[in-house]
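The chain contents come next:
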Amino acid sequence: MEINDILRRYTSGEETLENSNAALAAAGAGFRLEPGRNEITDEERHQTVTGYAPEQANGFGLLDTGTGTMEKVRVTGGMLESPVNQVLPDGSVNMRAFVLIAGKQYEVMGSRLAEPLPDNPPSPVKKVAKAPVLRRRTDLAGQVVRQHTRAGDFDVLYDNLGCAVKSTRAGRRAAEGPGADE
């Protein structure tokens, strides 16, 4: 069994800590789950829920930062208590980290949980979109982001859930804002 499958089964409550440690040893994992340190109790498991979107995750999970240990973390509204990596201007992160919670795996973007990014990095040759891309980006929640398109540059405003709510041609915001006619 793959290590991620073992951890998913453990965080979903399908396996006990002892059985999960035995499976991790058999799979050749270089770590084990320590009672008290990264153990998710039955009470904590009952408080843990996930939903369709990452921001619906609440409760306790395991944080994987690639260091060979799994740290128990608390998630509230799809957010960790503190950031574990830095989100770069292009939307990537300086260090990949993941949270397994209730059998689901999410990527960590700062302190916010997000759907996992593709394992293959994007091509160095960037394709330029025809118009602003307005899909949901939870990693950009509450921000205004400039997008370069074939039609020109646009500033896209994302609400607190990461939904694009407004797209304005770059440079027009100040001229079109309140008091522009005064």
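To keep things clear, this report deals only with the structure shown in the data block. For clarity, every value in this text was computed on a predicted model and none was experimentally measured.

Glancing now at the environment of Ala131. Within the secondary structure, Ala131 is located in the loop between strand 6 (112–114) and strand 7 (144–149). Between the alpha carbons of Ala131 and Asp153 there is a distance of 9.0 Å; along the sequence they are 22 residues apart.

Attention now moves to the pattern of salt bridges. Taken as a whole, this structure holds 11 salt bridges when the rule is applied. For the salt bridge of Glu71 with Arg37, the shortest nitrogen-to-oxygen distance reads 2.6 Å. One end of the pair, Glu71, is in strand 2 (residues 70–76); the other, Arg37, is in the loop between helix 2 (17–26) and helix 3 (42–46), with 34 residues separating them in the sequence. Residue Glu71 is classed as partly exposed on the basis of its relative accessible area of 27%. Where Arg45 meets Asp42, a salt bridge forms, and the shortest distance between an N and an O atom there is 3.4 Å. Here Asp42 and Arg45 lie together in helix 3, a separation of 3 residues that amounts to about one turn. The class of Asp42 is exposed, set by a relative accessible area of 54%. When salt bridges with common partners are traced through the structure, they connect Arg9, Glu14 and Glu15 into a single cluster.

As paired strands, strand 8 (residues 152–158) and strand 9 (residues 164–169) are joined by 5 bridges and run antiparallel to one another. Each bridged residue has a counterpart across the sheet, and for Leu157 the counterpart in strand 9 is Lys166. Joining the antiparallel neighbours strand 8 and strand 9 is a turn of 5 residues, in which Gly162 adopts a positive phi near 90°.

Rules and cut-offs
- Residues numbered from 1 in each chain as written.
- Predicted model: local features only at pLDDT ≥ 70, side-chain atom pairs only at ≥ 80, totals over all residues.
- Heavy atoms only, no water.
- Helix = DSSP H or I, 4+ residues; strand = E, 2+ residues; numbered from the N terminus.
- Salt bridge = Lys/Arg side-chain N within 4 Å of Asp/Glu carboxyl O.
- Buried < 20%, exposed > 50% of the residue type's maximum accessible area, 1.4 Å probe, protein only.
- Pairing = 2+ DSSP bridges.

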